[in-house]
Amino acid sequence: MTDSAVVNLLDLDQEGLVAFCEQLGEKRFRAVQLLRWIHQRGVADFGQMSDLAKVLRDKLAGRAIVAAPPVLSQHESKDGTIKWLFDVGGGNAIETVYIPEDDRGTLCISSQAGCAVGCRFCSTGHQGFSRNLTTGEIVAQLWFAEHFLRRHLKRDERVITNVVMMGMGEPLQNYARVLPALRLMLDDQAYGLSRRRVTVSTSGVVPMIDRLAQDCPVALAVSLHAPDDALRDQLVPLNRKHPIDELLATCVAYLEHAPRDFITFEYVMLDGVNDGPDQARALVERVRAHPGLRCKFNLIPFNPFPASGLVRSPDARVQAFARILNQAGFVTTVRKTRGDDIDAACGQLAGDVQDRTRVHERMAGRDTIVVRRTRAARPTKEVS
Ligand code: SAH
Ligand code: SF4
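A few points on the structure. Remember, it's a predicted structure, so these values are computed and weren't measured experimentally.

1. Examining the sheet that holds strand β4 (residues 82–87)
- Here 10 strands make up an open sheet; going across it, the order is β3-β4-β5-β6-β9-β10-β11-β12-β13-β14 and the pairing mixed. Each edge of the open sheet is held by one strand with a lone partner, namely β3 (71–76) and β14 (332–334). Ignoring which end each strand starts from, the neighbouring axes of this sheet average 20° apart.
- The sheet strands contacting helix α6 (residues 175–186) are β9 (162–165) and β10 (198–202), and the helix crosses β10 at an angle near 155°.
- Here helix α9 (residues 244–255) sits on the sheet in contact with β11 (219–223) and β12 (263–269), set at roughly 145° to β12.

This is the structure in structure tokens:
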């Protein structure tokens, strides 16, 4: 948004656009036309919106824009994964990653610049909280990526079939801006994604999980990472406020509304910290203590960064842990790492994108990106 009178239409869901059109003295159906032009066709220039009256187009040109944050860099991996860094101003950069698979295209998006939760294994957490993203900045990641990819891959139809809020930030600590963004993702006049294909990942903001169940139940991933409160308090400080049993009880309640009949538990595998067989068994007991808690586990190999002091669990230990969960009847997958060659896997970026001006050379001179005063662009991930 360039000045206070100018509205970035990416900030508005259908309801917001209707209100905006009414303010302009326009009919409600104009909102639907605008949604389609912007989100389905990727058009930012009001002059091209041919079924809008010229008077309205002129009015819009003075009052509104459709704008994504500038792209600081783009990297494409050998495996087709593409990572963008967007400049959201004030020295902050956020990260978005596209992960193609045979039967789907997943976009991993950020919800905050930095994060206040401060998980020990997470580089965003280490760098602290800068600010909440606006709805427009959240939606812009999808808007930009979808329309870029259609051109890039020369496809007419939808490229992104799934969205996961697993980039930088805790989405449920930015609920007011995330909610309209989710609504746009689901809106048939915009992206039309099914609820099952939009996933919010949370470290466990219990009251907001309840709110999400009421307002906009989408697929839910919960970052668990430990079988007991003593350890989880250390790894995910939010646990001191909302301990495991409270979180798991909330997950059971969420299932009443959820579009999928299970919750995904994410569990980052940290060598010698949370990856032992006893801990796997304790996890099984913990979950079983909550009847009706249907869930799957997704074990994430830890992506180390220098300040963490933590180490990735060896494969054999990850497999042994997975076996215990599987044998107990819980579907368990081990996340495969994608986009390694462009540092697009969880936790890989922020370790070397620091809060200062620098030219950031990666990949042994294969490409050079300029990152200006950025901070904390972080993990993204491979998707369940
Ligand atoms: N704040 C939300 C969503 C963003 S983090 C949450 O915590 O769920 C998305 C996922 O990336 C979380 O499951 C988190 O545990 C994981 N993650 C963070 N840092 C990581 C790292 N260094 N290696 C592997 N996974 C990491
Ligand atoms: Fe925040 Fe999620 Fe990182 Fe924890 S893992 S610090 S909640 S982004």
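Let's pick the thread back up.
2. Brief notes about the pattern of salt bridges
- This model, assessed by the stated rule, comprises 17 salt bridges.
- Measuring nitrogen to oxygen at the nearest pair gives 3.5 Å for the salt bridge that ties Arg28 to Glu22.
- A salt bridge links Glu26 to Arg30; the nearest nitrogen and oxygen atoms lie 3.8 Å apart.
- Among the residues examined, Arg30 registers a relative accessible area of 16% and is labelled buried.

3. Overview of the packing of α6 against helix α7 (residues 206–215)
- Running from N to C, α6 and α7 point in directions that differ by 30°, and their axes come no closer than 12 Å. Here α6 lies roughly parallel to α7, going by the angle between them. The handedness of the crossing between α6 and α7 is right-handed. Every residue of α7 that contacts α6 at Tyr175, Leu179, Leu182 and Arg183 is listed here: Met208, Arg211, Leu212 and Asp215.

So, how was this worked out
Residues numbered from 1 in each chain as written. Chains lettered and ligands numbered in written order. Predicted model: local features only at pLDDT ≥ 70, side-chain atom pairs only at ≥ 80, totals over all residues. Heavy atoms only, no water. Pairing = 2+ DSSP bridges. Helix = DSSP H or I, 4+ residues; strand = E, 2+ residues; numbered from the N terminus. Axes fitted to C-alpha atoms, helices over the stretch in contact; angles between N-to-C directions. Contact = heavy atoms within 4.5 Å. Salt bridge = Lys/Arg side-chain N within 4 Å of Asp/Glu carboxyl O. Buried < 20%, exposed > 50% of the residue type's maximum accessible area, 1.4 Å probe, protein only. Parallel < 35°, antiparallel > 145°, perpendicular 65-115°, else oblique. Left-handed = near helix turned anticlockwise from the far one by under 90°.

Remember, this is a structural readout, not a statement about activity or role.
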